[in-house]
Amino acid sequence: MPAVSSDLFDSAFLSRLERLRLQVRRVFAGARRAERRSRRTGSSLEFADYRDYAPGDDPRRIDWNIYGRIGRLMMKLTEEEEDLRVAILVDCSASMHWRPADANRPSKFDLSRKVAAALGYLALHGMDHVEMWFFDTTLRGESGLFRGRPAFHQILRFLRNAPDSPGGTRLEDSLERFGKRQRRRGLAIVASDCLDPAGYERGLLALAGRHFDLHLLHVMDPAEWEPTERGDLLLRDCEGGGELAVTAGPGLLRAYRDEVRRFREGLRTWCSRHQAGYSFISTDAEFDDIVLRMFRREGLVQ
Amino acid sequence: MNFLFPAAWAWLGLALPIIALYLIRTRLERRSVSTLLFWEQIRTQSYNSALWRKLRRWLSLLLQLVFLALVTFALTQPLAPWQTAQPTSTVFVLDPSASMLAREGAQTRWERAKEMLDQRIRQLRPFDRAALLVAADPPQVLSGWTASRRVLLDALNRAQPVGEGVSLRAALALAENLRSTQPNASIQLLTDGVWRDPTEVNGKVECVWVGEPQPNVGITQFSARRPFSSPGEVRVSLEVVSRGEIKMEGTVELFRSGQLVDVQPVSLEPGGAWQREWDLQAPGAEEFEARLAGFPPDALSVDDSARVKIDAVHVVRVILVSTPNPYLEAALDALPLVEWVRVESLSGFPDPGALYVFNRTVPPEGFENANALLINPPSAGFWGRPDGAVERPLVSEVARDEALMRHTGFSNVSLDAATKWQKPPVAQVFAESFGDPLIYGQWDDRRHWALLAFDLEGSDLVLRTAFPILLGNAVESLRPSKTVVPSSAPGRVESALEVTAVGDHHAAAPAPGPGAWWFAFPLWWWALAAAGLWLVGEWWLFTRRITE
């Protein structure tokens, strides 16, 4: 599986990745000490608040300067830096494996795995907990929790061993099942083409409604929004197997492009309305541009 | 309908492989897509219905078959009924007179006539023949009989108006000769009907009329001449005529070598004329120009000005070969612009511009072609030989129309004696005494010599006015310039733009062939053009996926 081979992440690329870190819009409670702000006050140097002294408090945290000025014992509270739970869910449905026969660019699935690997590395580097999932009509594979950079090879191994029985896409079942299994909230990154015949709203809402910090990586192939085939065609859906005969003329193709554009705009609007991040990834885009520029521009990394 | 190449219908057999190819192409091309979601959303588009796909396929096949049918039809070279009709032959004659330069709107009549003729030539069918003449004098044959429209159009492009020197009679006679060489031939004259002599156009000519009557003021006559009595002067004559329905007022300006010398106000009633003469001292060469100014704009501009050039006066040299003779010397002294000298004998070569007067002497060797007036020569020569004497000579006949004898009065001249001469055959008798020549010779454009068969001293001719007039005629005929120099004004008829009333003036002759321009093209050409357009349309539908 060369698409997620560690050869692609050369040392220069990794060193550039190490200058980045995942960014979340919300503050979550962590399990272990790490490098990320949490809701708890703790032992870091970052000032959080003051409160009155109560018996049993650690006298080392009394602010004697305040006592000298106002004569009251005040406890100086600092933020507790904890880890973040980062879940990366990669759509492995048949549509993600589809690509035009004459195209030499990666499939949506291959590109999604590479992006997932890069984001996983970022999380590991930030001492966050990382877990990865595959899904199509349901959850297909779970990587388990990883922490620390040495676990990167385990992530790569998991991504390389993706399930090879692609089926359709059912976002609602898959993401709701994932949401229910998570006891801790955190950052949820979903890489999918969102081509669910039942619609994407309920599936994404299963995460956003459970207070995950959702970020959608919407992956599409250029041939999907700009088809070039013309004439009388018998189109076959690679997921459902359904067929549709069309006469692809300029008018019809124009209507098709408008339809795809409306679909993308709808996704973007939905994410914005539900305070979820949205990144549109084209399979003909440069991988470095996606990770180092697009994600930074759209607030996924900083 | 006839076909020149009916075997080409076999090309219709190509319809079979075309139909076969369309039957093969009925299978849809299968394509795998990531989803049908978007296609399902737009499946209501009209082209997606199965009925349309079937119709579209049959429409496409029909377009191809019609294209094949059109091309095959063109290859058979069909002939329409009107194309198999009798071929025609037409002699087109263009009237190039000055009145054809009258402007009517944006075009002159000449341009309009050429445009009409261009249209008629383009309407000729491939087997029609035509010839093209311009009624100049002599007539110009721009194209003989030809069926090539390109040749005729090239010839038409070369046609130029000539203004003066128009001869409809000669052109129509030549056209009649051309017409007689072809069966079913006709003559068409493109003219504005402004003819000096309407009898030049006979009934066999179909007239294609150009132009409408127009108001015009123009110079119809402008000339300059040196009076005989005063060669150092120039008499300039001008005539202006008006044709219109209102009174015209303006001025006439006379220029002499570019300098304005006179301005005369002119007021012309409709159809009226204005004439004027100027006497001007002008011994040298001069150019006179008359211009009309201040008149309302009119149709014909070429007659709004006229120019005339007159040469300087020419001094004629006279060599009198004679003993002293007071009569001759006095007469030569009295002649204006004459430089004379008297000699006793001659030698050398003659001066071709001089007049030699041999009084009782004979021209020496080499003077056979000199301008000579021999007065009773003593011996024979190229002028004849003496044959006794004329008995009781009396001037009985005078050829007054001859230039030498003009205005001379010999009726009461008495002659004491005269020599009877046997004149050479080429000589002409100018005056005779009952059959015996008294004055004869050859005085025309080729040679100038004359012989007087009597002595001046033996008659009273020297006392009569006829004698200096005779000498004056001899001298004047040697002057190189004409006495009257006319300008190139178009003329009274042309300037008046008077249309000769012949038949129905505005009933233009029909064009040869069926009449419409598209009939000029063969049917196969139209079929091929339709096939080309059909192909373009089919391609247009194909590129928009309306057909396949």
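Residues numbered from 1 in each chain as written. Chains lettered and ligands numbered in written order. Predicted model: local features only at pLDDT ≥ 70, side-chain atom pairs only at ≥ 80, totals over all residues. Heavy atoms only, no water.

Engineer: When you look at the overall build of chain B in this model, what are you seeing that I'm missing?
Structural biologist: The secondary structure content of chain B amounts to 10 helices and 28 strands. Expressed as a percentage of its 548 residues, the buried residues of chain B come to 44%. For chain B, the computed accessible surface area is about 26900 Å², with 55% contributed by carbon and sulfur atoms. (Helix = DSSP H or I, 4+ residues; strand = E, 2+ residues; numbered from the N terminus. Buried < 20%, exposed > 50% of the residue type's maximum accessible area, 1.4 Å probe, protein only. Areas by Shrake-Rupley, 256 points an atom, 1.4 Å probe, with all protein chains shown as cover.)

Engineer: Explanation requested: the side chain of Lys114(B) in the structure shown.
Structural biologist: Residues and elements named next belong to chain B. Residue position: lysine 114 is located in helix 4 (residues 109–122). For lysine 114, which is buried and forms no salt bridge, the nearest opposite charge comes from glutamate 111, at a distance of 8.3 Å. Discounting chain neighbours no more than four positions away, the residues touching lysine 114 are Leu156, Asn157 and Ala159. (Lys, Arg positive; Asp, Glu negative; His and termini not counted. Salt bridge = Lys/Arg side-chain N within 4 Å of Asp/Glu carboxyl O. Contact = heavy atoms within 4.5 Å.)

Engineer: What's the story with the packing of aromatic side chains in this structure? I'm lost.
Structural biologist: Any pair of aromatic rings gets described here by the distance separating the centres and the angle formed by the planes. Applying the stated criterion across every chain yields a total of 17 aromatic pairs over all chains. Between Trp225(A) and Phe280(A), the ring centres sit 5.5 Å apart and the planes meet at 65°, which makes this aromatic pair edge-to-face. On the criterion of sequence distance, the pair formed by Trp225(A) in helix 8 (residues 222–225) and Phe280(A) in strand 10 (residues 277–282) is long-range, its members being 55 residues apart. Centre to centre, the rings of Phe382(B) and Trp383(B) are 5.0 Å apart; their planes meet at 80°, and the pair counts as edge-to-face. Of the residues examined, Phe382(B) reaches a relative accessible area of 24% and is grouped as partly exposed. Here the guanidinium or amino end of Arg264(A) rests over the ring plane of Trp225(A), the centre of that ring lying 5.4 Å away. (Phe/Tyr/Trp six-rings, centres within 6.5 Å; stacked < 30°, edge-to-face > 60°. Lys NZ or Arg CZ within 6 Å of the ring centre and 35° of its normal.)

Engineer: For this particular structure, what's the right way to read the pattern of salt bridges?
Structural biologist: A side chain of one charge can pair with a side chain of the opposite charge if their charged atoms are brought near each other. Tallied over the full model, the rule gives 36 salt bridges over all chains. Asp52(A) is the salt-bridge partner of Arg72(A), the closest N and O atoms lying 2.7 Å from each other. Taken together, the residues span a long stretch of sequence, with Arg72(A) in the loop between helix 2 (64–70) and strand 2 (74–82) and Asp52(A) in strand 1 (residues 33–52) at a distance of 20 residues. With a relative accessible area of 42%, Asp52(A) lands in the partly exposed category. For Arg291(B), the salt bridge goes to Glu289(B), with nearest N and O atoms at 3.0 Å. Relative accessible area serves as the criterion here: at 33%, Arg291(B) is assigned to the partly exposed category. Here the salt bridges share partners, and the residues they tie into one network are Glu287(B), Glu289(B), Arg291(B) and Arg307(B).

Engineer: I keep staring at the confidence of the model for chain A and nothing clicks. Help me out?
Structural biologist: For residues with low pLDDT, the predicted coordinates do not support detailed interpretation. Confidence in the prediction of chain A, expressed as mean pLDDT, is 82, and 86% of residues score 70 or more. Within the model, pLDDT remains below 50 along residues 1–6 of chain A, and this stretch shows 16 contacts once partners closer than five positions in the same chain are excluded. (pLDDT = per-residue confidence, 0-100.)

Engineer: I would appreciate a short explanation of the nonpolar core in the present structure.
Structural biologist: Most often, soluble globular proteins keep nonpolar side chains buried together rather than apart. Grouped together as the largest cluster of nonpolar side chains are 47 residues, with contacts concentrated most on Leu17(A), Leu22(A), Leu119(A), Leu217(A) and Phe295(A). For this core, the secondary structure elements donating two or more residues are helix 1 (11–18), strand 3 (85–91), helix 4 (108–125), strand 4 (129–135), helix 5 (152–160), strand 6 (187–192), strand 7 (213–220) and helix 10 (287–297) of chain A. When residues of this core are assigned to their parent elements, the largest contribution, 11 residues, is made by helix 4 of chain A. Leaving out residues up to four positions away in the same chain, Leu119(A) has contacts with Leu22(A), Ile88(A), Ile189(A), Leu217(A), Phe295(A), Leu300(A) and Val301(A). With 42 residues, the next largest nonpolar core counts Leu195(A), Leu267(A), Trp270(A) and Phe38(B) among its residues. (Core = buried A, V, L, I, M, F, W, Y, C linked by side-chain atoms within 4.5 Å.)

Engineer: Hey, could you run me through the sheet that holds strand 2 (residues 29–33) of chain B in this one?
Structural biologist: Strand pairing in a sheet takes place through backbone hydrogen bonds and is either antiparallel or parallel in direction. Read from one edge to the other, the open sheet built from three strands follows the order 9(A)-8(A)-2(B), with strand pairing classed as mixed. Each end of this open sheet is capped by a strand with a single partner; those strands are strand 9 (243–248) of chain A together with strand 2 of chain B. Sheet twist, expressed as the mean angle between neighbouring strand axes with direction ignored, is 35°. Here strand 8 (residues 231–237) of chain A pairs with strand 9 of chain A via six bridges, running antiparallel. Bridge pairing links Leu233(A) to Val246(A) in strand 9 of chain A. (Pairing = 2+ DSSP bridges. Axes fitted to C-alpha atoms, helices over the stretch in contact; angles between N-to-C directions.)

Engineer: Hey, could you run me through the interface of chain B and chain A in this one?
Structural biologist: Often, the extent of an interface is quoted as the loss of accessible area on bringing the components together. At the junction of the two partners, chain B supplies 26 residues and chain A supplies 36 residues. When the two sides are added together, the surface that chain B and chain A hide from each other amounts to roughly 2900 Å², 65% of it contributed by carbon and sulfur. At the boundary of chain B with chain A, the tally comes to two salt bridges. Notably, a salt bridge pairs Arg30(B) with Glu243(A), separated by 2.8 Å at the nearest N-O pair. Viewed at the interface, chain A and chain B are joined by nine residue pairs in polar contact (both at pLDDT 80 or more). For the side of chain B that touches chain A, the elements supplying multiple residues, two or more each, are strand 2, helix 2 (37–41) and helix 3 (50–75) of chain B. Taken together, the residues of the side of chain B that touches chain A break down into eight nonpolar, seven polar and 11 charged. (Buried area = accessible area lost by both parts, 1.4 Å probe. Polar contact = N/O pair within 3.5 Å; in protein donor to acceptor, adjacent residues only side chain to side chain. Nonpolar A, V, L, I, M, F, W, Y, C, P; charged D, E, K, R; others polar.)

Engineer: How do you make sense of helix 4 of chain A when you look at a structure like this?
Structural biologist: Residues lying three or four places apart along an α-helix face the same way, a consequence of the helix completing one turn every 3.6 residues. Residues and elements named next belong to chain A. Compared with the 26 Å implied by 1.5 Å per residue over 18 residues, the 26 Å span of helix 4 between its first and last C-alpha is a close match. With respect to burial, helix 4 is a largely interior element, 16 of its 18 residues being buried. At the exit of helix 4 stands methionine 127, carrying a positive phi of roughly 60°. (Expected span 1.5 Å × (residues − 1).)

Engineer: Which parts of the structure should I look at to understand the packing of helix 1 of chain A against helix 10 of chain A?
Structural biologist: Residues and elements named next belong to chain A. One can describe the packing of helix 1 onto helix 10 by two numbers: an axis separation of 11 Å at closest approach and a directional angle of 20°. One finds that helix 1 runs roughly parallel with respect to helix 10. As helix 1 runs across helix 10, the sense of the crossing is left-handed. Contact residues: helix 1 offers Phe13, Arg16 and Leu17, while helix 10 offers Phe287, Asp288, Val291 and Leu292. Split by residue class, the contact of helix 1 with helix 10 holds five nonpolar, no polar and two charged. (Parallel < 35°, antiparallel > 145°, perpendicular 65-115°, else oblique. Left-handed = near helix turned anticlockwise from the far one by under 90°.)

Engineer: What is the right way to read the environment of Ala285(B) from this model?
Structural biologist: Residues and elements named next belong to chain B. Its place among the elements puts alanine 285 in the loop between strand 15 (273–281) and strand 16 (286–293). Taking the relative accessible area as the measure of exposure, alanine 285 reaches 54% and is therefore exposed. A sequence separation of 28 residues divides alanine 285 from serine 257, and the C-alpha atoms of the two residues are 9.2 Å apart. When sequence neighbours within four positions are dropped, the list of residues in contact with alanine 285 reads Ile310, Asp311 and Ala312.

Engineer: Can you walk me through the sheet that holds strand 4 (residues 89–94) of chain B in this structure?
Structural biologist: Residues and elements named next belong to chain B. Read across the open sheet, the five strands follow the order 8-7-4-9-10; overall the sheet is mixed. In the strand order of this sheet, the two ends are held by strand 8 (140–146) and strand 10 (205–209), each with one partner. Each strand of the sheet is rotated relative to its neighbour by a mean of 20°, with strand direction disregarded. Each of strand 4, strand 7 (129–134), strand 9 (185–191) and strand 10 touches helix 4; the most contacted strand, strand 4, lies at about 170° to it. Contacts from helix 6 (residues 168–180) reach strand 4, strand 7, strand 8, strand 9 and strand 10, with the element oriented near 155° to strand 9.

Engineer: What is the right way to read the environment of Gly148(A) from this model?
Structural biologist: Residue and element names in this part refer to chain A. Tracing the backbone through its elements, the reader meets glycine 148 in the loop between strand 5 (139–142) and helix 5. The exposure class assigned to glycine 148 is buried, which follows from its relative accessible area of 10%. Considered as a pair, glycine 148 and aspartate 128 are 20 residues apart in the sequence and their alpha carbons are 7.5 Å apart.

Engineer: Would you take a moment to explain the side chain of Asp262(B) for this structure?
Structural biologist: Residues and elements named next belong to chain B. Relative to the assigned elements, aspartate 262 resides in strand 14 (residues 259–268). Within the buried core, aspartate 262 has no salt-bridge partner, and the shortest N-O distance to an opposite charge, that of arginine 276, equals 4.1 Å. Within the local environment of aspartate 262, its side chain forms a polar contact with the side chain of glutamine 264, the two groups lying 2.9 Å apart. Beyond its immediate chain neighbours, meaning those up to four positions away, aspartate 262 contacts Val252, Glu253, Leu254, Arg276 and Trp278.

Engineer: Explain helix 5 of chain A here, please?
Structural biologist: All names here are of chain A. Buried within helix 5 are the following residues: Phe152, Ile155, Leu156, Phe158 and Leu159. Projected down its long axis, helix 5 carries its buried residues within an arc of 160°, all on one side. Against helix 4, strand 4 and strand 5 lie the buried residues of helix 5. (Arc of directions from axis to C-beta.)

Engineer: I tried to follow the confidence of the model for chain B on my own but got confused; where do I start?
Structural biologist: Chain-level pLDDT for chain B is 82 on average; 86% of the residues reach the 70-or-more range. Note on residues 503–514 of chain B: pLDDT is under 50 here. Beyond four places in sequence and across chains, it has 33 contacts.

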